[in-house]
Amino acid sequence: MHPPEQEDRGAASEASPSRPARPTYIGIHARDENTQILYVSSGCRQGVGFTPEYVMKQRAVDFIADEYDSSDYARVYASKTGTNPLTQEEEDDDEANAYVMYINLKTASGTPVLTRLTSFKCDNCVIYIGMSFPEIPPPQRHELEVQMLDGAMRRKNIT
């Protein structure tokens, strides 16, 4: 006989519905207006249907299937430098180093797929984790909506 708390947990897990598989992959692209893809894991084949070899010959902005200007994506990672009035030294005024955004990406089949990108801004590149939601119809997106993970969890719309 099992302790009551173990029996309860077992019953709850049997009743919970299974979650659909979410194709997930990681990648790295250049942190400039070109957004050349430098690396992508093999999971991109399940996420967007392309081989890593094909993807690494492309730019990240080439896969954006939304209506807004795809260069908006590159501007998210642009450095904002300025001069500190106290020290007269140039400083990087970036507001955050981690971002979450939902983007419709082009796929090999031609049907866009809703993808959540969690990205981390480095000095010269962007490291991202893409998670595709193929079971959700891709919504129409007219602007890039970005959530900055900077402690305040602010939202920013790039138009």
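Quick note: structure is the one above.
Here we summarise the structure given alongside this text. Note that the structure is predicted; figures quoted are calculated from it, not measured. (Residues numbered from 1 in each chain as written. Predicted model: local features only at pLDDT ≥ 70, side-chain atom pairs only at ≥ 80, totals over all residues. Heavy atoms only, no water.)

Looking now at a nonpolar patch on the surface. Together, I26, L38, Y39, F120, I127 and I129 line one region of the surface with nonpolar side chains, adding up to about 490 Å² of accessible area. Among the secondary structure elements, those contributing two or more residues to the nonpolar patch are β2 (37–40) and β7 (125–133). With respect to the element layout, L38 can be found in strand β2. Owing to a relative accessible area of 48%, L38 belongs among the partly exposed residues under this scheme. (Patch = residues over 30% accessible without salt bridge, like charges linked within 9 Å, V, L, I, M, F, W, Y side chains within 5 Å. Areas by Shrake-Rupley, 256 points an atom, 1.4 Å probe, with all protein chains shown as cover. Salt bridge = Lys/Arg side-chain N within 4 Å of Asp/Glu carboxyl O. Helix = DSSP H or I, 4+ residues; strand = E, 2+ residues; numbered from the N terminus. Buried < 20%, exposed > 50% of the residue type's maximum accessible area, 1.4 Å probe, protein only.)

Turning our eyes to something else, we now look at the packing of aromatic side chains. A full pass over the atoms with the stated rule returns five aromatic pairs. Note on F50 and F63: the rings are 5.5 Å apart at their centroids and 65° apart in plane angle, and the pair reads as edge-to-face. Of this pair, F50 sits in the loop between α2 (44–48) and α3 (52–55) while F63 sits in the loop between α3 and α4 (71–76), placing them 13 residues apart in sequence. Both rings, one in Y102 and one in F133, keep their centres 6.4 Å apart while their planes meet at 45°; by these two values the pair is tilted. A residue pair is termed long-range when its members are at least 10 positions apart, and Y102 in strand β5 (residues 98–105) and F133 in strand β7 qualify at 31 residues. Exposure remark for F133: the relative accessible area of 9% places this residue in the buried category. Aromatic ring contacts, followed pair by pair, group F50, Y54 and F63 into a single cluster. (Phe/Tyr/Trp six-rings, centres within 6.5 Å; stacked < 30°, edge-to-face > 60°.)

As a further point, take the pattern of salt bridges. With the rule as written, the count across this model stands at three salt bridges. The partner of D72 in a salt bridge is R75, and the shortest N-O contact between them spans 1.9 Å. Taken together, the positions of D72 and R75, both in helix α4 and three residues apart, correspond to about one turn of that helix. A relative accessible area of 44% means that R75 is categorised as partly exposed.

Bringing the environment of Q140 into the picture now. For Q140, the position within the fold is in the loop between β7 and β8 (144–148). Taking the C-alpha atoms as reference points, Q140 and A65, separated by 75 residues in sequence, lie 9.6 Å from one another.

Remember, this is a structural readout, not a statement about activity or role.
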